[in-house]
Amino acid sequence: KMKELEHLRDLPAVTTDGTRISLRANIGLVSDIKIATANGAEGVGLYRTEFPYMARTSFPNRHEQAQLYQKILEGFPDQPVNIRTLDIGGDKGLPYFEHPHEDNPFLGWRSIRFSLDEQHIFREQLAGILLAAPAGCATIMFPLISCPDEIRRIKSIMHAVVAELQADGLTVCGDLPLGIMVELPAAVQIIDLLAPEVDYLSIGTNDLIQYTLAADRNNPKVKEYYDPYHPAVLHSIKRVADEGRRLGRRVSICGEMAADPLNTLLLIGMGIREFSLSAPGIPLVKKAIRQHSLRQCQAFARKVLSYNSVGAIKAYIQKKRELFE
Ligand code: PEP
Ligand code: MG
């Protein structure tokens, strides 16, 4: 079994009828580089930068961040590393920042909202990323985007940081690819307005499920409501995949949902070609991809999307799962 998975590491993720799928890793720490490489990840689809922030006693400055990001970039020579800006708040806090009390933290001051308000912290992070960028193929992604106005504000802050670094005599790449996470129902509804503003989209199913179904992703009491197979979730993903294709923007999926091989087949059938997942899950997902055709995935997805009740979808998925395992 180990041997088989090791063998898979160096094989491409391609369907039996030749559709190439990209499998990247979700990482948070430098130590994840080794795990990603060992499992054959083709770069990083989601680098959660809040983890290094959380493991400190004060905000890191731009140089400390640049040093760290450089290490990550150097871990993936010639492969893209998608750096997501600070995504704290909700359930993630920083020991050195007193977050105001909130009755509904997941509906509150989190993620890009924090960054846009605490601009000195945001600018320091963007500077760190820009300084590290020459060490590899960096792209920058912004979480919890709800409207194009946020993207425009982000871009203007980016330009200011680039200008500041250039004024310091540094040569910085001013046009790194920029992407957003699609993880709010609002973003799905106006995906045609958001996509043209950026280079790529990445669907965060962990939050998209939570917000679409109003079911806390960490609350076991509502686990049944937190359902990746709810048609509202599936149709949202389909819509983003379709609009991404129509508007010429790459769409990936970086939520936990994609780490289940059967789900990956379903999502491929819905038009997704890029995934980012926790690295140990990559070999099994790749194995499933290599055993199925795009046509099979599409038939599977068509069938699932045709049902009009959650129960029917789940029963069908369950049947598939038994055949699959
Ligand atoms: C997501 O929301 O699906 C996601 C990938 O981001 P995080 O789990 O870090 O919120
Ligand atoms: Mg998220």
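No experiment lies behind these values; they were computed from the predicted model shown. (Residues numbered from 1 in each chain as written. Chains lettered and ligands numbered in written order. Predicted model: local features only at pLDDT ≥ 70, side-chain atom pairs only at ≥ 80, totals over all residues.)

### Looking at the overall build of the chain
Alright, step 1. The helix and strand inventory of the chain stands at 15 helices and eight strands.
Alright, step 2. The C-alpha atoms of the chain give 20 Å as radius of gyration, which agrees with the globular expectation for 325 residues (20 Å, within 12%).
Alright, step 3. For the chain, the C-alpha atoms occupy an extent of roughly 60 × 45 × 35 Å along the three principal directions.
Alright, step 4. Here the chain, with 325 residues, has 42% of them falling under the buried criterion.
Alright, step 5. For the chain, restricting intrachain contacts to residue pairs at least 6 apart in sequence, the fraction spanning at least 24 positions comes to 69%. (Helix = DSSP H or I, 4+ residues; strand = E, 2+ residues; numbered from the N terminus. Rg over C-alpha atoms; globule rule 2.2 N^0.38 Å. Buried ≥ 20, exposed ≤ 12 C-beta atoms within 10 Å, placed from the backbone. Contact = placed C-beta atoms within 7 Å.)

### Remarks on the sheet that holds strand β4 (residues 137–142)
Alright, step 1. Spatially, eight strands are ordered β1-β2-β3-β4-β5-β6-β7-β8 in a closed barrel, and the strand pairing comes out parallel. Between one strand axis and the next, the sheet turns by 30° as a mean value, whatever way the strands run.
Alright, step 2. Direction of pairing for strand β5 (residues 178–182) relative to strand β6 (residues 200–203): parallel, over a ladder of four bridges. When the bridges of β6 are listed, Val182 appears paired with Ile203. (Pairing = 2+ DSSP bridges. Axes fitted to C-alpha atoms, helices over the stretch in contact; angles between N-to-C directions.)

### Re the packing of helix α12 (residues 261–269) against helix α14 (residues 294–306)
Think of two packed helices as two axes; the pair is described by the angle between the axes and how far apart they sit.
Alright, step 1. The N-to-C vectors of α12 and α14 enclose an angle of 90°; their axes lie 7 Å apart at closest approach. The pairing of α12 with α14 is recorded here as roughly perpendicular in orientation. On α14, the residues that touch Leu265, Leu266, Ile268 and Gly269 of α12 are Leu294, Cys297, Gln298, Phe300, Ala301 and Val304.
Alright, step 2. Residues that form the contact of α12 with α14 fall into these classes: eight nonpolar, two polar and no charged. (Parallel < 35°, antiparallel > 145°, perpendicular 65-115°, else oblique. Nonpolar A, V, L, I, M, F, W, Y, C, P; charged D, E, K, R; others polar.)

### Some thoughts on α12
Alright, step 1. In terms of residue burial, α12 counts as a mostly covered element, since eight of its nine residues are buried.
Alright, step 2. Those residues of α12 that sit buried are Pro261, Asn263, Thr264, Leu265, Leu266, Leu267, Ile268 and Gly269.
Alright, step 3. On the buried face of α12, the contacting elements are α11 (231–247), β7 (250–253), β8 (274–278), α13 (282–290) and α14.
Alright, step 4. Of the residues flanking the end of α12, it is Gly271, one or two places downstream, whose phi is positive at about 110°.

### Points about the packing of helix α4 (residues 62–74) against helix α6 (residues 119–132)
Alright, step 1. One can describe the packing of α4 onto α6 by two numbers: an axis separation of 7 Å at closest approach and a directional angle of 45°. Considering the angle they form, α4 stands oblique to α6. Where α4 crosses over α6, the two elements pack in a sense that is right-handed. Residues Arg62, Gln65, Ala66, Tyr69, Gln70 and Leu73 of α4 form the contact with α6, whose own contacting residues are Glu124, Gln125, Ala127, Gly128, Ile129, Leu131 and Ala132.
Alright, step 2. Of the residues in the contact of α4 with α6, the class split is seven nonpolar, four polar and two charged. (Left-handed = near helix turned anticlockwise from the far one by under 90°.)

### A few points about the environment of Ser22
Alright, step 1. Within the fold, Ser22 resides in strand β1 (residues 22–27).
Alright, step 2. Ser22 sits 19 residues away from Ala41 along the chain, and the two C-alpha atoms are 8.7 Å apart.
Alright, step 3. With sequence-adjacent residues up to four places away left out, Ser22 is seen in contact with Glu42, Arg273 and Glu274.

### Topic: unusual backbone geometry
Alright, step 1. Its identity as a non-glycine residue notwithstanding, Asp78 has a phi of 70°, on the positive side.
Alright, step 2. Looking at the secondary structure, you find Asp78 in the loop between α4 and β3 (80–84).
Alright, step 3. One non-glycine residue, Ala214, adopts positive backbone phi at about 50°.
Alright, step 4. With respect to the helices and strands, Ala214 occurs in the loop between α10 (205–212) and α11.
Alright, step 5. The exposure class assigned to Ala214 is exposed, which follows from the 11 C-beta atoms found within 10 Å.

### Structural notes on the site of ligand 1
Alright, step 1. What surrounds ligand 1 is the set Leu46, Arg48, Asp87, Glu183, Gly204, Thr205, Asn206, Asp207, Cys254 and Gly255.
Alright, step 2. When contributions to the shell around ligand 1 are tallied by element, the ones reaching two or more residues are β2 (44–48) and α10.
Alright, step 3. Taken together, the residues of the shell around ligand 1 break down into two nonpolar, four polar and four charged. (Near = placed C-beta within 6 Å.)

### So, the environment of Ala160
Alright, step 1. Looking at the element boundaries, Ala160 is found in helix α7 (residues 148–167).
Alright, step 2. Sequence separation between Ala160 and Arg123 is 37 residues, and the spatial gap between their C-alpha atoms is 8.7 Å.

### Things to note about the pairing of β7
Alright, step 1. Relative to β7, β6 runs parallel, the two being bridged by four bridges. Residue Ser202 lies in a different strand from β7, and its bridge partner there is Ser252.
Alright, step 2. Of the strand pairs in this sheet, β7 and β8 are connected by two bridges, and their pairing is parallel. If you follow Ser252 over to β8, its bridge partner there is Glu274.

### A look at the confidence of the model for the chain
Alright, step 1. Taken residue by residue, the chain gives an average pLDDT of 96. The fraction at 70 or more is 100%.
Alright, step 2. Two summary scores accompany this predicted model of the complex, namely pTM at 0.97 and ipTM at 0.99. (pLDDT = per-residue confidence, 0-100.)

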